[in-house]
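Listed below are the residues making up each chain.
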Amino acid sequence: KGEVQGWLRYSAAVYRVDWSDVQIQVFGQAGDPVVVNGKEARSQGVELELGGQLGAGWSLNVGYGFTDAKVTQDFAVTEIIPGTTTVFNVVSAKSGDRLPYVPKQTLTADLGYVRPLADAIALDAHLDPAYRSNVTTQIDPTVLGYRTLGGFTTLNASVGLSLGKAWHVRAFGTNLTNVLGITSAGSLYRGYDDPRYRIENVMRPRTIGLGIDYKFE
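Definitions and cut-offs
Residues numbered from 1 in each chain as written. Predicted model: local features only at pLDDT ≥ 70, side-chain atom pairs only at ≥ 80, totals over all residues. Heavy atoms only, no water. Phe/Tyr/Trp six-rings, centres within 6.5 Å; stacked < 30°, edge-to-face > 60°. Helix = DSSP H or I, 4+ residues; strand = E, 2+ residues; numbered from the N terminus. Pairing = 2+ DSSP bridges. Axes fitted to C-alpha atoms, helices over the stretch in contact; angles between N-to-C directions. Salt bridge = Lys/Arg side-chain N within 4 Å of Asp/Glu carboxyl O. Buried < 20%, exposed > 50% of the residue type's maximum accessible area, 1.4 Å probe, protein only. Polar contact = N/O pair within 3.5 Å; in protein donor to acceptor, adjacent residues only side chain to side chain. Contact = heavy atoms within 4.5 Å. Patch = residues over 30% accessible without salt bridge, like charges linked within 9 Å, V, L, I, M, F, W, Y side chains within 5 Å. Areas by Shrake-Rupley, 256 points an atom, 1.4 Å probe, with all protein chains shown as cover.

**Student:** Tell me about the packing of aromatic side chains, and name the residues and values.
**Tutor:** Overall, the coordinates contain three aromatic pairs when judged by the stated rule. A ring pair is formed by Trp58 and Tyr113, whose centres lie 4.7 Å apart and whose planes are at 45 degrees; its orientation type is tilted. Taken together, the residues span a long stretch of sequence, with Trp58 in strand β6 (residues 58-71) and Tyr113 in strand β9 (residues 105-118) at a distance of 55 residues. Here the aromatic residues Trp167, Tyr214 and Phe216 are joined through ring pairs into a cluster of three or more.

**Student:** Any details on the sheet that holds strand β10 (residues 121-132)? Residues and values, ideally.
**Tutor:** Pairing is antiparallel across the open sheet formed by nine strands, whose spatial order is β1-β2-β5-β6-β9-β10-β13-β14-β17. The strands lining the two open edges of the sheet, one partner per strand, are β1 (2-4) and β17 (207-214). Here the strands of the sheet are splayed against their neighbours by 15 degrees on average, with no regard to which way each runs. Bridge count between β1 and strand β2 (residues 8-19): three bridges; the pairing is antiparallel. Within β2, the position partnered with Gly2 by the bridge is Tyr10.

**Student:** So what about unusual backbone geometry? Which residues, and what values?
**Tutor:** Positive phi is not limited to glycine here, since Tyr101 has a value of about 60 degrees. Although it is not a glycine, Asn175 sits at a positive phi angle of roughly 50 degrees. Note that Asn175 resides in the loop between β14 (167-174) and β15 (182-187).

**Student:** Account for the pattern of salt bridges, with residues named and values stated.
**Tutor:** A full pass over the atoms with the stated rule returns five salt bridges. A salt bridge links Asp68 to Lys70; the shortest N-O distance between them is 3.8 Å. A residue is classified by how much of its surface remains accessible, and Lys70, at 33% relative accessible area, is partly exposed. For the salt bridge of Arg147 with Glu200, the shortest nitrogen-to-oxygen distance reads 2.6 Å.

**Student:** Can you break down the pairing of β14 residue by residue, with the values?
**Tutor:** Summarising the sheet, strand β13 (residues 152-163) and β14 pair through seven bridges and their orientation is antiparallel. Residue Val159 lies in a different strand from β14, and its bridge partner there is Ala171. The loop that links β13 with its antiparallel partner β14 comprises three residues; one of these, Gly164, has a positive phi angle of about 75 degrees. With eight bridges joining them, β14 and β17 adopt antiparallel strand pairing. Looking at the pairing, Val169 lines up with Ile212 of β17.

**Student:** Give me the side chain of Arg147: which residues, what numbers.
**Tutor:** By secondary structure assignment, the location of Arg147 is in the loop between β11 (135-136) and β12 (148-149). Polar side-chain contacts of Arg147 include one of 2.6 Å to the side chain of Glu200. The residues touching Arg147, leaving out its near neighbours within four places in the chain, are Val135, Thr136, Thr137, Ile182, Ala185, Arg198 and Glu200.

**Student:** Lay out a nonpolar patch on the surface in plain terms, naming residues and giving numbers.
**Tutor:** A contiguous nonpolar surface patch, about 990 Å² in accessible area, is contributed by Val4, Trp7, Tyr10, Leu50, Leu54, Trp58, Leu60, Val62, Leu107, Leu111, Leu127 and Tyr131. Elements with a minimum of two residues in the nonpolar patch: β5 (41-55), β6, β9 and β10. At three residues, β6 tops the list of elements feeding residues into the nonpolar patch. Here Leu107 is to be found in strand β9. Residue class for Leu107 comes out partly exposed when judged on its relative accessible area of 39%.

Take a look at the structure:
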């Protein structure tokens, strides 16, 4: 972490987290979601940030993250189907299998602009793209509800006016490209993965709005 010539800021972090009895959401015999405990897992990666003033009111901040999240010990969770001796495999995993809902890569940026217009009045604008790589919905590709959800990029923007120290008025837009990013998915009330009985949670569609903020002293 540091600063170069008073205008360029940078930071870097490396991390590693070891999990015991990691919690995993899976689907039971009837297709209902349940949470079970696996064995050992590890999440490790790097986070980088770079930002600074570009001059003439412009600024730029960029962030990048890489995460490698995997199972580090084989395990299997099973249960007996009621009234039978049949063993139902709820979930199993091998060392090296990827943990669900953890994107390997993320990238964010914020391009900003500020310009004084008059005494205590200033114009500001922001453009904020963000990228997330694909994720899996389950550890075991053979279990109910396993899917790979594609990565996607979103774009937000805003233009505002600061009126004195307390008031700020802005027009904003989120998900301007109106991308249909699926954030999670699974089977719904069924013991099999039929597209007719899937539930998918998606990004909010393109939204345009106005906001007024007041800062209390």
